[in-house]
Every structure is written in C-alpha cells, then in structure tokens.
Amino acid sequence: MRSRRLMLEVRTAMVLMACVCLMVSVLLTSSGLATSVAVTAVPGQGSRTFPETGKTVKGIFLSYWDTHGGLAQQGFPISEEMNEVSDLNGKSYTVQYFERAVFEYHPEEQPPYDVLLSQLGTFQYRKKYPNGAPGQKANDSAGSQLFTETGHRVGGKFLAYWKSHGGLPQQGYPISEEFTEVSELNGKTYTVQYFERAVFEMHPAEQPPYDVLLSQLGTFRYREKYEQSGATATPVTQVSTPTAPATVAPAATPTPQPTSIPPQPSGETAEVVMQLAHPQLLTPWGLALDARGNIYTTSRDRVLKFNSEGVLVLAFGSTGTGDGQFDFRCQNNPIYTCGAVAVDASSIYVADSNNSRVQKFDQDGHFLMAFGTKGPSEGQMLNPIDIGVDSQGNVYIVDDVNLGVRKYGSDGHFAAMLAGGEGSPVQVIEPVGLAVDNTGNVYVVDDRLNSVFKFGDNGQLSLTWGGSRGTGPGQFHFAFDVAADPQGNVYVMEGGSNKRVQKFTSNGAWMMMWGSSGEGPGQFTDPASIAVDAQGYVYVIEGVAQRLQKFRIK
C-alpha cells in the first residue's frame, strides 16, 4: 500500500537515439514474448537501494533523482532499470519507473539531456479525453502566462508550482486548461490541469505546499503496462561499468524464508449474500466486525457503524487533530485514505493515520483515550494504516512510514516490535495489513515480499508462507489485507491484477480462492480491507467502488 502518491511524467519523442550505442531487449508485441540481450547500464557513480520498495537507483538516474526534487517530485522507484519500447516513437530505451515519473537514458545526448522523462501526462490525457476534456476554462488571472507552443494558459498557484518545481524540463508544456475531474484514487472532485509530464491537482483545503499535488502517473502507467496487461518488463542485462559501492540499509537479522506447504483444496465456493452501498460510504478504507454482526468502517475522517442488515446506526468524527477528530490521509500522499478500525467487546479503536496516533472510543462513539506520538523512534508512529486488537486489549498497528508492526498494551504504552525496525528479529519491506485471531495469533501481509507472517501470542514468529508473486494458488500480487475466521482459517485479499481472496489453513495450506476484476457480484475493482464475522461470513470493502460485499463460504 504501500506505498501511494501523485506522479509526474515526461516526453521521449524530442530526441533521437543512436542504436549503435546500445543493444536492447525488444518486447515482441506480436507474440507477447521478450528477447533479452546485453545493454550498457546507465553510467555514473553511486547507487542507492530504497528499502521502501526494494529497488535500486544508480549512476546518472540517481543524480537526476537527487537534483530534481527527489521523493516529493519523482517518488520512490517502483522498478529496476529495464528496456522499453516507447509508445511515442517506437524506439527502445533503458528506463526506470518511479511513482511520479519514468526516467529514460539517452546516451547520444550530452548532459543534462542524457536523462529525459516520458510524457505520461500526454499519455493519460489522450487516453481519458480523446476529444479534449469538457468544461475547460483558461486561468486568465493577473500574472498568468500563455504558452504559445500549445495555446494553453497557466496562472495562479498552478503557475507558481510549475515555475518552482522544474518548469519545462520537469513538467512540460500545458496541454489543457483548468477543469474539474473526479479522482480515480479517492472519488473526490478536484480542479486539475494537464501538462505533458504531469497532472496538477488543486487542494484548497490544504496548507502549502500540499495545496497543489501531483497524480501518480508513473504508478498508473507501470500497472497498466506490466501488471494489469500481464506483459513482462525486460530487465537490463548489466555490462560491467565501474561504480561506487551501493548505499544500502544496514543489514538486519535474517527473516526465515517462506515455508513450502502442500495445498489442501477444500472444494468450497463463495456466494454473495449482501452488497452494501450507502451515500455516506465514501472512499472507505478500514473494516471491522463485532460479535453482533455490526460493521465498522472509516470514511472521509469519520467512523461509520452499520448493523448486520446494512442500516447506518452510528457516525462520529470530523476532520482535525483534537480528541474525536481524525485525519485519515496517508502521510506520504495526502489524497489517499488510510484510516483503519478495530473493535473488541466494549471499545472501538481507530488508527488515525496522518495524526500518527490511535484513538479509543466506547460503543457509542464517545472518546476514551488516545496514544501514540509522531516519529520514527521505538514506540512512536508514522502513519498507522491498519490496526488489530486481541482479547486482552493489546493493540497492534502496521506503520506505513516506519515500515513495522508494533504492539501496545491496553493502557497505550509501547510493548513490543513484532517486525521491522532496528534490532527486530523479523524484517519486513512493506507490511500493509494485519489480523488477530481468537487465540491471539497475529497475521501480517507484506506486499513486497508476497508473504504472510504468523506470530504467536508471545510475539514470536512461528510461520511464514507465500513468497512468490503470481496468479496461481498460494501466490500473491498486491496482497493488501488479511483476516482470520473463528476456526483460525486465514483469508488474504489481493488487489493488482489478481483482485481476489484466497483462503488458507492456520498453517498456511491453500484451500480455495474467488474473485476477479470487475464491478459485478463477487468481483472487485479496488478491494481495500477484509474481515470475517463470528459466523464465518467474509466481508470485503472497496474504496473507489464505495461498496461492501458479504460472502457465504459453502
């Protein structure tokens, strides 16, 4: 989920490529196969591995990243270097994908033009608005600038952002006027303007510098080309080039490798018995169920409670930092929603993500206590995105920025680090979801490791399974959340190209799976969270689709 931010991207058609400088791997579109050949890696000194995504950036790509806005402007790397055929000019380039951009290496050009950016804004605009976006209005405020190259005008905060964040090389020319658009990420409407390499979004409720944000075009493009389509990205075959030693995170205690567990097919099927859509169910994220079958979710800085029939019976919370107020924005990308919820017999626990704390309420939504302070130190939090509670009132959180799983006592005091963090015996890369079963076992899914970690009630790792990315039984692709039923069976919910739920025994043996991409019953568009009630019914909530589905396993 890691992971989740707005993105930029750039043009490739402006320059020619000297084919004699490279031998490239070409994706054979007619057959769907790729041929891998040696290619000179990007030149330059130094390299850096980003533990947030496990990807390494080297040489002139790293220099460009460091000198052109870094994380805020380009985002984390989401691929290694690879060969790719440009959709604009049909030529092959060595590229690397970042959340907000795609870097291209052009060895025939002199610096600084040897690293260029793909025109992701152009790709997105042509795809969404082949006849032009409706309702456009030029910003002709004082000081606005007309770009005669494209005939579009930029003014106000968008112009100030364009000038202060790289201008033409980074953002490109404007290719639209301002207009309103519904975000594909959170369903909200924003004033936007498209540029060749970016999409600017206006967030008037935010304080600078977050009042202008950028769409995650690099992530969208990568998923569309390589994850949703099933195509294979062709990695660069490195030819020895002198570089400085890589800068990597300090070595951690090795984590046990996933165990190979024979499947135990159950022959079960999943049947949809309820679909819930409600006017207040707006880009929900968290999901929890109590013993009476009540349904709890987080939605737009509020907590909603529905009864077992899907009737809204309680709503509490507002935007802010006070007691009983929430800020469910993801800290790394404020347009995403990350708030989560858990319940026990008497209380409601809310992971107040961007406020970096946990708040506890009674069953009527009255504030009881809050704990957690913002920071990277032991016991602190930075963007908790999932939460669970055991029968003793101990609270467990997944920390999205600190990349760890923490345990707190019922009084809110830090108790233990289950995974991640300095000195932890279990290292994770991108934990995104957790669940606590009836006996106190804690299950954690890691999207990057494609694995499920099982911890006993003593906090010790007892089992790891998965470890393989793919579409087969027991493999994972964007495993986002996990749940456990009263019998101890484990359900893993996936997004990405799989968009399904897989069921396992408590010992990790695969049992069954269901779901596919779509909007029909039993299908998923953007599954966000999963939970199981006391009777064994499985619930899945979807963010942008803004619905909940209830399944009977039979």
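Residues numbered from 1 in each chain as written. Predicted model: local features only at pLDDT ≥ 70, side-chain atom pairs only at ≥ 80, totals over all residues. Heavy atoms only, no water.

Some remarks on the pattern of salt bridges
- Scanning the entire structure with this criterion turns up 15 salt bridges.
- In this structure, E430 engages R448 in a salt bridge whose closest nitrogen and oxygen atoms are separated by 2.8 Å. Taken as a pair, E430 in the loop between β34 (414-419) and β35 (431-436) and R448 in the loop between β36 (442-446) and β37 (451-455) lie far apart in primary sequence, 18 residues in all.
- Given the relative accessible area of 1%, E430 is considered buried.
- A single network of salt bridges, built from pairs that share partners, joins E271, R552 and K554. (Salt bridge = Lys/Arg side-chain N within 4 Å of Asp/Glu carboxyl O. Helix = DSSP H or I, 4+ residues; strand = E, 2+ residues; numbered from the N terminus. Buried < 20%, exposed > 50% of the residue type's maximum accessible area, 1.4 Å probe, protein only.)

Concerning unusual backbone geometry
- Residues P111 and P112 are joined by a peptide bond in cis, for which omega reads 10 degrees.
- Relative to the helices and strands, P112 resides in the loop between β8 (102-105) and β9 (115-117).
- If you check the backbone angles, T283 has positive phi at about 40 degrees while not being a glycine.
- Within the fold, T283 resides in the loop between β18 (270-276) and β19 (287-289).
- Positioned with a positive phi, D301 is a non-glycine residue whose angle comes to about 65 degrees.
- Positionally, D301 belongs in the loop between β20 (295-299) and β21 (302-306).

A word on the pairing of β35
- The element β35 is largely enclosed, with a buried count of 6 among its 6 residues.
- Pairing analysis gives 5 bridges linking β35 to β36, with the strands arranged antiparallel. Directly across from P431, in β36, lies its bridge partner D446.
- Hairpin connection between β35 and β36: a loop of 5 residues separates the two successive antiparallel strands, and G440 in this loop has a positive phi of roughly 95 degrees. (Pairing = 2+ DSSP bridges.)

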